[in-house]
Amino acid sequence: MIRRRLALPVLVLLIAVLGGAGQAQAVGYRYWSFWDRESGGTWAYATQGPSTARPSDGDVQGFRFSVSEDSKDSAKPRGEAGFAEICARTPAREGAKRIALVLDFGTAADAPDGSAPPAPRTACARVGEDATTADALAAVAGPLRYNTNALLCAIAGYPRTGCGEAVADGDRKTGAAPSGEDREGAAESASGDGGGSGGPSAGLVVGAAAVAVLGAAALWQARRRRG
């Protein structure tokens, strides 16, 4: 009977502690996502990275900095400007191609601590016919920063530090995002030199330890009463 009376409180504590630990886990990753603008004007998450993608003359590509939880949560670049508008002042040249780039540095809520996102902007890169998106980006939006896994960490020097780091619920800044922001689309989970490990969260480890201590105390009490 004593064991049954003790089992229920321990189970309740186990659920409460582990539930709280789950809330401490990361809610997303802070990184630059890469997009292609389709013929209908909609954004589609790029199927290649900027270092391997080779856009054609007249293509529009976008980059958006944000905190994304998964492929259904990634924020798309904002702005309606198309190729004709973005590259209006960049004439065509033989042996070169023009790529229109939309650069969205995100919102204050997604910015790392101590950073303020620059205003979104566009640029027209005129590069060689065999150039990649990374080449086009470097031509008009340097300095770029990559990590050892070739993940794009910074565009035009933003952000100054970090790369695909995990962001916990309590670490993300509060504040409403601008109206009209579209968070649909596809994105891949990112990890980099500034990210967290793939192991269990600290909250989960502490919670498990607390439950173990409670269980040991309950067993000690049961034996004491029987004695």
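Since the model is a prediction, treat every value here as computed from it, not as a measurement. Within any chain, residue numbers begin from 1 and follow the written order of that chain's sequence. Whole-chain, interface and lining totals are the exception, using all residues; otherwise, since this is a predicted model, local features are given only for residues with pLDDT of at least 70 and side-chain atom pairs are given and counted only at 80 or more. Water and hydrogen atoms were dropped before computing side-chain values, which therefore reflect all heavy atoms in the structure.

A. The arrangement of the overall build of the protein in detail. Each helix is a run of H or I in the DSSP string that is no shorter than four residues. Each strand is a run of E no shorter than two, and both are numbered from the N terminus. If you tally the helices and strands in the protein, you get four helices and eight strands. Each helix and strand of the protein, ordered N terminal to C terminal, gives the series α-β-β-β-α-β-β-α-β-β-β-α. Burial statistics for the protein: of 227 residues in total, 35% are counted as buried. On the protein, roughly 12800 Å² of surface is accessible, and the fraction owed to carbon and sulfur atoms is 52%. Think of it in three bands: residues with accessible area under 20% of the maximum for their type are buried, residues over 50% are exposed, and the middle band is partly exposed, with areas taken using a 1.4 Å probe on protein chains only. Method for areas: the Shrake-Rupley scheme with a 1.4 Å probe, in which residue coverage is limited to the protein chains shown.

B. Examining the confidence of the model for the protein more closely. pLDDT: the predictor's confidence for each residue, scored from 0 to 100. Per-residue confidence for the protein averages 75 on the pLDDT scale, and 61% of its residues sit at or above 70. Per-residue pLDDT stays below 50 along residues 174–220; that stretch engages in 71 contacts with residues further than four places along the chain or on separate chains. Contacts were defined at the residue level, with two residues in contact if any of their heavy atoms lie within 4.5 Å.

C. How the structure looks around the state of the cysteines. Criterion for a disulfide: a pair of cysteine sulfur atoms at a distance within 2.5 Å. Here the structure, examined in full by the defined rule, presents two disulfides. Shown here is the disulfide that connects Cys87 with Cys124, its sulfur atoms set 2.0 Å apart. Handedness of the Cys87-Cys124 disulfide follows from its S-S torsion of about 100°: it is right-handed. Residue Cys87 is located in the loop between helix H2 (83–86) and strand S4 (96–104), and its partner Cys124 is located in strand S5 (residues 121–128); the two are separated by 37 residues in the primary sequence. An identical accessibility class is assigned to Cys87 and Cys124; each is buried. Put simply, Cys153 and Cys163 are joined by a disulfide, and their sulfur atoms are 1.9 Å apart. Its torsion about the S-S bond being -75°, the disulfide of Cys153 and Cys163 is classed as left-handed. Here Cys153 is found in strand S7 (residues 152–154), whereas its partner Cys163 is found in the loop between S7 and strand S8 (165–168), with 10 residues between them in sequence. Taking relative accessible area as the criterion, Cys153 reaches 3% and is therefore assigned buried. Judged by its relative accessible area of 2%, Cys163 is buried.

D. Representation of the pattern of salt bridges. Every case where a carboxyl oxygen of Asp or Glu lies within 4 Å of a side-chain nitrogen of Lys or Arg is listed as a salt bridge. As enumerated under the stated definition, the model contains four salt bridges in all. Residues Asp130 and Arg54 are paired through a salt bridge, measuring 3.7 Å at the closest nitrogen-oxygen approach. Here Arg54 lies in the loop between strand S2 (43–45) and strand S3 (60–68) and Asp130 lies in the loop between S5 and helix H3 (133–140), a separation of 76 residues in the sequence. Each of Arg64, Arg78 and Asp104 takes part in a single network of salt bridges with overlapping partners.

E. View of the side chain of Asp104. Topologically, Asp104 is positioned in strand S4. Accessibility expressed as a relative area gives 0% for Asp104, which makes it buried. Within polar-contact distance, the side chain of Asp104 engages the backbone nitrogen of Gly106 at 3.0 Å. Here Asp104 is in contact with Trp32, Phe63, Arg64, Phe65, Lys76, Pro77, Arg78 and Pro120, once residues within four sequence places are set aside. We define a polar contact as two N or O atoms separated by no more than 3.5 Å, with the added condition that, inside protein, one atom must be a possible hydrogen donor and the other a possible acceptor, whereas residues neighbouring each other in sequence contribute only through side-chain atom pairs.

F. Highlighting the packing of aromatic side chains. Any Phe, Tyr or Trp ring, taking Trp's six-membered ring, that has another such ring centre within 6.5 Å forms a pair; planes under 30 degrees apart are called stacked, those over 60 apart edge-to-face, and the others tilted. Here the structure, examined in full by the defined rule, presents six aromatic pairs. Between the aromatic rings of Trp35 and Tyr45, the centroid separation amounts to 5.2 Å while the plane-to-plane angle is 80°, which identifies the pairing as edge-to-face. Within this pair, whereas Trp35 is found in strand S1 (residues 26–37), its partner Tyr45 is found in strand S2, the two being separated by 10 residues in sequence. The buried category is assigned to Trp35, whose relative accessible area is 0%. Aromatic pair Phe105 and Tyr158: ring centres 6.0 Å apart, planes at 75°, arrangement edge-to-face. Of the two residues, Phe105 is situated in the loop between S4 and S5 and Tyr158 in the loop between S7 and S8; the sequence distance between them amounts to 53 residues. Aromatic ring contacts, followed pair by pair, group Trp32, Phe65, Phe105 and Tyr158 into a single cluster.

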